[in-house]
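Each chain, written out:
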Amino acid sequence: MTQARLVVAALSGAIALTVTAPGFAPRAIAQDAEPPAHFHEKGKMPSQFTIDILNEAREALPFDDTQDFDELARDLIAAPETLQIEAEAGGFAWDLERFNFLKEGENFDCIHPSLERQARLTTQFGLYEVMEGIYQVRGYDLSNPTLIQSDSGWIAYDVLLSKETAEAAMELVNQELGKRPIVAVIYSHSHADHFGGVRALVDDAAIEAGEVEIIAPEGFIEHAVSENVYAGNAMTRRMFYQYASLLPASPYGYVTQGLGQAASSGATGLIAPTMEISEPLEEHTIDGVHMVFQLTPGTEAPSEMNTYLPDVKALWMAENVTGTMHNIYTLRGAQVRDALG
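Residues numbered from 1 in each chain as written. Predicted model: local features only at pLDDT ≥ 70, side-chain atom pairs only at ≥ 80, totals over all residues. Heavy atoms only, no water.

**A few points about a nonpolar patch on the surface**
A cluster of nonpolar side chains, namely Ile-328, Tyr-329, Leu-331 and Val-336, defines an oily patch on the protein surface of about 390 Å² accessible area. One can find Ile-328 in the segment after strand E16 (314-316). Given the relative accessible area of 35%, Ile-328 is considered partly exposed. (Patch = residues over 30% accessible without salt bridge, like charges linked within 9 Å, V, L, I, M, F, W, Y side chains within 5 Å. Areas by Shrake-Rupley, 256 points an atom, 1.4 Å probe, with all protein chains shown as cover. Salt bridge = Lys/Arg side-chain N within 4 Å of Asp/Glu carboxyl O. Helix = DSSP H or I, 4+ residues; strand = E, 2+ residues; numbered from the N terminus. Buried < 20%, exposed > 50% of the residue type's maximum accessible area, 1.4 Å probe, protein only.)

Encoded structure:
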């Protein structure tokens, strides 16, 4: 794992908090250049102070280390040429075309180089093989769904934020790997980007017929409703400030959400669990797949669990393990996490 350091910089009146890590070589930036095409008339060009800070970061950090890019390119099975997913309500639920400015240039004088590097990573998308029998669709939403091949179908793990993005992800899977039924859905935790797309994969009739198991950690419904219904409007409003996601996508506006490129804006749903994990460690066999569930309450979410597949030595931990510093307090207002936990 490459070295990283935490940087807080004031950029055009906003606070950018990023974990710095490898990406690009430094370049000189002309002070008297004409504002580029992406520049917004309400903005202002970066000050010399900001430019000096960004150039210092380019010089100081190991941007020649391409490990993350190399790993991201590994085991790609297929990807469409472009990725725009229409929303049922009109417009786009997901649109990576608006980030094409990242293809047109680099080392912008208005983006911290670590944030720019992260955006280049999170705009990659496609179907990937993690290992034999385990696949991920990446870059289709803020989170990534994982599909585990079982005896008769798929076990779907963390099914994105929106129905539309989850449908598109499954279309890619069906196209490349063949269509198989969903036999179980697992929610790792109570944040909407890990359960909101469930109705693209499962309907109520399948649940009532006992054809699909929905598995979640203890307290899942309580905390999912608490965050997304009781506090939903307030947290969504604060999220716009945290991520600047209402600004136009450009080097001078919205660049990336960090964890993923953005949060999709499609139809969000929820299906209640049919099985709740309540013991610190529980073992179950789901359609021939042996799974060990470990409850981790109060970590990245109030209700959360890890999942281990001992037969293939695979471990899924959602945001309990990331290549960044952990979230302790989010500006959108999620419950403060226990740093020791």
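**Description of the pattern of salt bridges**
Note that side chains of opposite charge can pair when their charged atoms are close. Taken as a whole and assessed by the stated rule, the structure comprises seven salt bridges. One salt bridge in this structure joins Arg-74 and Asp-75, with 3.7 Å as the shortest N-O distance. According to the relative accessible area criterion, Arg-74 is exposed, its value standing at 51%. The class for Asp-75 is partly exposed, based on a relative accessible area of 38%. Among the ionic pairs, Glu-88 bridges to Lys-163, the shortest N-O distance being 3.3 Å. Of this pair, Glu-88 sits in the loop between strand E4 (84-86) and strand E5 (92-95) while Lys-163 sits in helix H5 (residues 163-177), and the two are 75 residues apart along the sequence. Since its relative accessible area comes to 53%, Glu-88 is described here as exposed.

**Quick word on empty space enclosed by the protein**
Any empty space left between the atoms is revealed when a probe the size of a water molecule rolls over them. Across all of its chains, the model carries one cavity of 30 Å³ or more by this definition. Reported here for the largest cavity is a volume of approximately 50 Å³. What lines the largest cavity is Pro-145, Leu-147, Ala-156, Val-159, Leu-160, Ala-166, Ala-169, Met-170 and Leu-201. For the lining of the largest cavity, the element with the most residues is H5, which contributes three residues. Split by residue class, the lining of the largest cavity holds nine nonpolar, no polar and no charged. (1 Å grid on protein atoms, 1.4 Å probe; cavity = no way out; pocket = protein on both sides within 12 Å on 5 of 7 lines; lining within 4 Å. Points joined across faces, edges and corners; volume = space filled by probe spheres on them. Nonpolar A, V, L, I, M, F, W, Y, C, P; charged D, E, K, R; others polar.)

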